[in-house]
Amino acid sequence: MLIIFLIVHLLSSKGHQSQGLRLDPRAPNGSCDDINNCQRLFDIVWGCLTTIFACTWVSAHPNVPPPKPIQPYSFWPKLEWMFVVAITSLWRKLKLMLIAVIAPELVVGFAARQCFVAWKFSNEFDISWTHSYFISMGGFVTGKGGHPIVTREQVIQHLSAIKAVPEELIEDKSKGDALSKGVALLQGVWFVTQCVARVAQRLPVTELEVATLAFAVLNVFVWVLWWGKPLDVQEPIAIGPVRDMTVVKLRALSRWNRFTAVFSGIYVDYNPLFSNSVPSFWSISYDDDHGPASSYIYTGIPVLAEVFVGTLFGAIHCAAWNASFPSADERWMWRSSAIMVTAIPLPILLSAVSLNGGTTLNIGAPYIGIDSDFVVMLLVPLYTTARLFLIILPLVALRALPSDAFVDVNWSVYIPHL
């Protein structure tokens, strides 16, 4: 809260100048001299919001949710049941989208873990990637209302039944297709093209557009990693004999385990034999990942992917180093935040993860000579604060955009003419 109050205080002074820094002239939001070659503030905000929504909505592939409660027969209870089911399903996806907006590198790490599991199961059991993704997302259960089949031992036990399920049946449960993904891809490509054209014509790119560009680029990694994963599956596929779940006491995960699993993907409290669905960020059991090489890849590659995309996210924001800001304070807050987001992921990786014998990844960094817990406790709050600044600053900068920001791209210069 103190950070938010500080930002509001700093941004409350309009046109503030410090240390003799000359700021660009400002124009009222939405002003434009040429009605045929201008854009309004609404156009800027709407283009950014639609791009972010299209990218995150299509790229967010949640796991299969828990089974729905029994549907009543009377009208009003049935209407209430439909409303609750719709809200619950929407909330599961909105949570994943919210994390994708606040910390897209975590979603990339989640997608990388499931992609590795799909590759591993596909090669080991000679099944399609669609089947493998469906296993890792909790799509197969033992009978109606049974427990999910997600561990390697379970897959071996039910392998013949899994192979008997046609790939077309799994794809039919997916709510996504080439058209929806293509529309989102075109929206992202069109937005990137506009930003490049504005730079080529020496027109300013607003801070909100730079932040949107970073989200669009990072979501490309999620699209690629989850390309074969079914989208928005609401009901699992029951295979094998029906199991009476009434005799099995379901175990709830602790809130701390749910929170830490967002970063690591490891659910130490989760046992699929005592559950009727997989957690939101489940990919595979850490203990079930057999073999030193597999353990290293499963824990190491997603962490490296998170560090890479986190650094890339900050580097894109650094591209707006000399952009026009309403005040000098906001400019230096932007620069400082962009540098921290770019530079901090690597020290966190070096201090929190060390290579032990070339096989597994363990907490601690004895080769650095410092306390890794101290480094993580120091850098993570700084990184989180910087990310918060990069979310708030583009929004508050909309109050006073440079006049050239409302000039639209002149596309006629790219059309051959005499």
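Residues numbered from 1 in each chain as written. Predicted model: local features only at pLDDT ≥ 70, side-chain atom pairs only at ≥ 80, totals over all residues. Heavy atoms only, no water.

Along the protein, the regular secondary structure elements total 15 helices and four strands. Within the protein, buried positions represent 46% of all 418 residues. Taking the intrachain contacts of the protein between residues at least 6 apart in sequence as the baseline, contacts between residues at least 24 apart amount to 78%. Carbon and sulfur atoms provide 68% of the accessible area of the protein, an area that totals close to 21700 Å². (Helix = DSSP H or I, 4+ residues; strand = E, 2+ residues; numbered from the N terminus. Buried < 20%, exposed > 50% of the residue type's maximum accessible area, 1.4 Å probe, protein only. Contact = heavy atoms within 4.5 Å. Areas by Shrake-Rupley, 256 points an atom, 1.4 Å probe, with all protein chains shown as cover.)

This brings us to unusual backbone geometry. The backbone of R202 sits at a positive phi, close to 60°, despite the residue not being glycine. Along the chain, R202 falls in the loop between α9 (178-200) and α10 (207-225). Accessibility expressed as a relative area gives 76% for R202, which makes it exposed. Here the phi dihedral of D232 falls at roughly 55°; this positive angle occurs in a residue that is not glycine. Residue placement: D232 occurs in the loop between α10 and β2 (237-239).

The residue H317 is located in helix α12 (residues 292-318) in this model. In this view, H317 contacts V210, A211, A214, W334, A338 and L390; residues no more than four positions away in its chain are not counted.

Here helix α4 (residues 104-125) contains 22 residues, and its C-alpha end-to-end distance of 31 Å stays within 8% of the 32 Å for a straight helix at 1.5 Å per residue. Judged by how many residues are buried, α4 sits mostly within the fold: 19 of 22 residues are covered. Note on α4: the residue one or two positions beyond its end, D126, has a positive phi of about 55°. (Expected span 1.5 Å × (residues − 1).)

All right, on to a nonpolar patch on the surface then. Together, W76, L79 and M82 make up a nonpolar patch on the protein surface, roughly 360 Å² of accessible area in all. Tracing the chain through its elements places L79 in helix α3 (residues 75-102). (Patch = residues over 30% accessible without salt bridge, like charges linked within 9 Å, V, L, I, M, F, W, Y side chains within 5 Å. Salt bridge = Lys/Arg side-chain N within 4 Å of Asp/Glu carboxyl O.)

Note that T206 resides in the loop between α9 and α10. Look at T206 and you get buried, because its relative accessible area is 4%. Setting aside chain neighbours within four positions, we find T206 in contact with I44, L401 and A405.

This part takes up the packing of α4 against α10. Look at α4 against α10: their axes get within 9 Å of each other, and the N-to-C directions meet at 15°. With respect to their mutual orientation, α4 and α10 come out roughly parallel. Handedness of the crossing formed by α4 with α10: left-handed. Together, P104, V107, V108, A111, A112 and C115 of α4 and F215, L218, F221, V222 and L225 of α10 make up the contact between the two elements. Of the residues that constitute the contact of α4 with α10, the class distribution is 11 nonpolar, no polar and no charged. (Axes fitted to C-alpha atoms, helices over the stretch in contact; angles between N-to-C directions. Parallel < 35°, antiparallel > 145°, perpendicular 65-115°, else oblique. Left-handed = near helix turned anticlockwise from the far one by under 90°. Nonpolar A, V, L, I, M, F, W, Y, C, P; charged D, E, K, R; others polar.)

So, on to the packing of aromatic side chains. One pass over the full model with this rule turns up 11 aromatic pairs. Here the aromatic rings of W129 and Y133 are separated by 6.0 Å at their centres, their planes lie at 45°, and the arrangement is tilted. Separated by four residues within a single helix, W129 and Y133 lie in helix α5 (residues 129-136), roughly one turn from each other. The exposure class of W129 is partly exposed, given its relative accessible area of 35%. Take Y133: its relative accessible area is 2%, and that puts it in the buried class. A ring pair is formed by F325 and W334, whose centres lie 5.7 Å apart and whose planes are at 55°; its orientation type is tilted. Each member of the pair, F325 together with W334, is buried. In this structure, K229 packs its charged tip against the face of W226, placed 4.3 Å from the ring centre. (Phe/Tyr/Trp six-rings, centres within 6.5 Å; stacked < 30°, edge-to-face > 60°. Lys NZ or Arg CZ within 6 Å of the ring centre and 35° of its normal.)

This paragraph deals with the confidence of the model for the protein. Residues at a pLDDT of 70 or more form 74% of the protein, whose mean pLDDT is 76. Long-range and interchain partners of residues 1-31, a stretch whose pLDDT sits below 50, account for 51 contacts in this model, where long-range means more than four residues apart. Taken as a whole, residues 354-370 scores under 50 in pLDDT and shows 36 contacts with residues more than four places along the chain or in a different chain. (pLDDT = per-residue confidence, 0-100.)

Here we come to the pattern of salt bridges. One pass over the structure, following the stated rule, counts five salt bridges. The partner of E124 in a salt bridge is R152, with the nearest N and O atoms 2.6 Å apart. With E124 in helix α4 and R152 in helix α6 (residues 152-157), this residue pair connects regions lying 28 residues apart in the sequence. In this structure, R399 engages E330 in a salt bridge whose closest nitrogen and oxygen atoms are separated by 2.9 Å. Taken together, the residues span a long stretch of sequence, with R399 in the segment after α15 (372-396) and E330 in helix α13 (residues 328-343) at a distance of 69 residues. A relative accessible area of 1% places E330 in the buried class.

Its 19 residues give helix α2 (residues 41-59) an end-to-end C-alpha distance of 27 Å, which sits within 8% of 27 Å, the value for a rise of 1.5 Å per residue. Residues I44, G47, C48, T51, I52, A54, C55, T56, V58 and S59 constitute the buried set of α2.

So, on to the environment of I266. For I266, the position within the fold is in the loop between α11 (255-264) and α12. We classify I266 as partly exposed; its relative accessible area is 24%. Along the backbone, I266 and I284 are 18 residues apart, and their C-alpha atoms lie at a distance of 8.0 Å.

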